[in-house]
Amino acid sequence: MDKVDADRIEDIEIRLLLEGVFQRYRYDFRDYAIPSLRRRISEAMESEKVGSVSALQERVLRDSTCMERLLLTLSINVSDMYRDPGFFRAFREKVVPLLRTYPFARVWHAGCSTGEEVYSMAILLIEEGLYDRSRIYATDINGPVLKTAEAGIYPIKVMKKHTKNYIAAGGKREFSEYYTASHDHAVLDPALRENIVFAEHNLACEGSFNEFQVILCRNVMIYFNRALQGQVLRLFDESLCPFGVIGLGDKESLSHDAIAAGYRPIDARHRLYQRKH
Ligand SMILES: C[S@@+](CC[C@H](N)C(=O)[O-])C[C@H]1O[C@@H](n2cnc3c(N)ncnc32)[C@H](O)[C@@H]1O
């Protein structure tokens, strides 16, 4: 068998694996971008010590702990507080004035992973005097990472980087005011969590659950194929209030999508877009 045939067979096996995962566990990775899926699945094959995608499929379907491990591999969970600090600086300068015009603001972090981005927003809203009239909805497909998000406890060694990002993002206080060090961990102030709701939500197959003034979905759609990106952007479009704001990751954009005509860039470089009406 030549390489082209081998690759074709592997793509068929990947599609069967993803269909099996969907049928058995209702996790839907069928419309994720293929190149990144190939890399993740081959990582999973290595760590499960199986020689083919079909062998991985057999194990995943029969063993739910293997599915939990595969979920962690497929749903890439890296995050940072004030990731891309320029985004948060632009948010503070250009979106906060809009939020001041609302009596109450609902912010949806779709694909919030382990919560760093959500706490970054809570701190920003506290510093701008808006947190008391805001509610943050933090959702992700992955239950275990949401538990980490809810706990708000992070390794102390990453706080140096988070502090640097916080300052670059225009933070107004000492970052250390927001956590206490306990052994090798930083425990975030529980007051930051007061207006945050954490919930499992799958962007690939679930609908909207509220109307939002802001929707942030950063570094999530980059793993989806074009069709799923369009479907999720439509979901956001339906879930935003008039003149609401969408924020995306630095490698993501609205500009190629059908909904783009209904939005104007507030800050194109930092991927912040506002509904025109
Ligand atoms: C790379 S993280 C991004 C975290 C954060 N938004 C940031 O930019 O730092 C991507 C997250 O998207 C989540 N995700 C992937 N597919 C999803 C889906 N279909 N529905 C909801 N969340 C999903 C993953 O579980 C993961 O936690």
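Not measured: the values here are computed from a predicted model.

(A) How the structure looks around the overall build of the protein. A count of helical and extended segments in the protein gives nine helices and ten strands. Here the C-alpha radius of gyration of the protein, 20 Å, is about what a compact globule of 277 residues would show, namely 19 Å. Summarising its shape, the C-alpha atoms of the protein cover approximately 65 × 50 × 30 Å along the three principal directions. Counting all 277 residues of the protein, 36% fall into the buried class. Contacts in the protein between residues at least 24 apart in sequence constitute 75% of all its contacts with a sequence separation of at least 6.

(B) Region of interest: the sheet that holds strand β6 (residues 196–200). Taken in spatial order, the seven strands of this open sheet run β6-β2-β1-β7-β8-β10-β9, and their pairing is mixed. The outermost strands of the open sheet, each flanked by one partner alone, are β6 and β9 (263–267). Neighbour to neighbour, the strand axes of the sheet diverge by 20 degrees on average, direction disregarded. Pairing geometry for strand β7 (residues 212–217) and strand β8 (residues 240–248), over five bridges, is parallel. Each bridged residue has a counterpart across the sheet, and for V214 the counterpart in β8 is V245. Along the sheet face, helix α7 (residues 143–151) touches β2 (134–140) and β6 and points at about 165 degrees away from the line of β6.

(C) Broad picture of the sheet that holds strand β3 (residues 153–155). The antiparallel open sheet is built from three strands, whose spatial order is β3-β5-β4. With one partner strand each, in any of the chains shown, β3 and β4 (179–182) form the two edges of the open sheet. Shown here is a sheet whose adjacent strand axes are inclined to one another by a mean of 30 degrees, direction ignored. Of the pairings in the sheet, the one linking β4 to strand β5 (residues 185–188) comprises four bridges and is antiparallel in character. By the bridge assignment for β5, S182 is matched with H185.

(D) Geometry of unusual backbone geometry. One non-glycine residue, R26, adopts positive backbone phi at about 65 degrees. Residue position: R26 is located in the loop between α1 (3–25) and α2 (34–48). With 9 C-beta atoms packed within 10 Å, R26 lands in the exposed category. The backbone phi angle of S113 is positive, close to 55 degrees, even though this residue is not glycine. Looking at where S113 falls in the secondary structure, it is placed in the loop between β1 (105–110) and α6 (116–127).

Reading the values: the criteria
Residues numbered from 1 in each chain as written. Predicted model: local features only at pLDDT ≥ 70, side-chain atom pairs only at ≥ 80, totals over all residues. Helix = DSSP H or I, 4+ residues; strand = E, 2+ residues; numbered from the N terminus. Rg over C-alpha atoms; globule rule 2.2 N^0.38 Å. Buried ≥ 20, exposed ≤ 12 C-beta atoms within 10 Å, placed from the backbone. Contact = placed C-beta atoms within 7 Å. Pairing = 2+ DSSP bridges. Axes fitted to C-alpha atoms, helices over the stretch in contact; angles between N-to-C directions.

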